[in-house]
Amino acid sequence: MSTENLNKDEALDKMKSMVKDIQTCMFVTDFGNKPLSAVPMTTKEVDKEGNIWFFSRLDSDHNGDIAKDNDVQLLYSDTSDMEFISIYGKASIETNEGVLKEFYHTMDDAWFDGVDDPNLTAIKVVPKEAYFWDNKQNKFVTFLKIGASAVTGDKKDIGEKGKLNL
């Protein structure tokens, strides 16, 4: 696996592309306690600056965790395409009506009582650091390359990994 560290615009483009493709992450908060608090969250949007947006209930544990310590880790994983990205960032709770209306969809009614639900909040994550693993092929091709490498002893390029300097 080759290492490719990306800077600024390239890093931002890579992060946005991977987050939009994968969509769901484990949203980790409360780093000071063990076990860590991790909940699955679906990305609402990645804006042009690279901020990642989610919806959450005002009374949720992770909103409470963010109020105490805004450090978060987002762990995105797509095993079918062998793509993974870990994003560390700073989170804030947003209640701005314009933001809520911009991202709200009728599918969100499964968790909220409409866009005017007093428990509806948005979480904005400003990424500070990210690391990715991208095998560039599907799982089957990757396993074939690994198998060929085991038989021949030749190292095969099965993808790339690297730090995204945001």
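Residues numbered from 1 in each chain as written. Predicted model: local features only at pLDDT ≥ 70, side-chain atom pairs only at ≥ 80, totals over all residues. Heavy atoms only, no water.

With respect to the environment of Arg 57
With respect to the helices and strands, Arg 57 occurs in strand β6 (residues 52–57). On the accessibility criterion, Arg 57 (32% relative accessible area) is partly exposed. Along the chain, Arg 57 and Asn 119 lie 62 residues apart, while their C-alpha atoms are 5.2 Å from each other. Not counting residues within four places of it along the chain, the set of residues in contact with Arg 57 comprises Asn 63, Trp 111, Phe 112, Asp 117, Asn 119 and Thr 121. (Helix = DSSP H or I, 4+ residues; strand = E, 2+ residues; numbered from the N terminus. Buried < 20%, exposed > 50% of the residue type's maximum accessible area, 1.4 Å probe, protein only. Contact = heavy atoms within 4.5 Å.)

Side note on helix α2 (residues 61–68)
Looking at α2, one finds that the buried residues are His 62, Asn 63, Asp 65 and Ile 66. End-on, the buried residues of α2 take up no more than an arc of 160 degrees, which puts them together on one face. With respect to the buried face of α2, the exposed residues turned more than 90 degrees away are Asp 61, Ala 67 and Lys 68. Where the residues of α2 are buried, they touch β3 (24–29), β4 (37–42), β6, β7 (71–78), β8 (83–94) and β9 (120–134). (Arc of directions from axis to C-beta.)

Describing the nonpolar core
If you look at the biggest cluster of nonpolar residues, it comprises 24 residues, and the most contacted ones within it are Phe 27, Ile 52, Phe 54 and Tyr 76. Looking at this core, the elements with two or more residues in it are α1 (8–22), β3, β6, β7, β8 and β9. Of the residues forming this core, the biggest block, 6 residues, is contributed by α1. Excluding residues within four positions of it along the chain, Phe 54 makes contact with Cys 25, Phe 27, Met 41, Thr 42, Thr 43, Lys 44, Leu 74, Tyr 76, Thr 121, Ala 122, Ile 123 and Val 125. Listed in part, the 9 residues of the second largest apolar core include Phe 55, Leu 100, Tyr 104 and Leu 120. (Core = buried A, V, L, I, M, F, W, Y, C linked by side-chain atoms within 4.5 Å.)

Regarding the side chain of Ser 86
Mapped onto the fold, Ser 86 is located in strand β8. Look at Ser 86 and you get buried, because its relative accessible area is 15%. When near neighbours in sequence (up to four residues on either side) are disregarded, Ser 86 contacts Gln 73, Leu 74, Leu 75, Glu 129, Ala 130, Tyr 131 and Trp 133.

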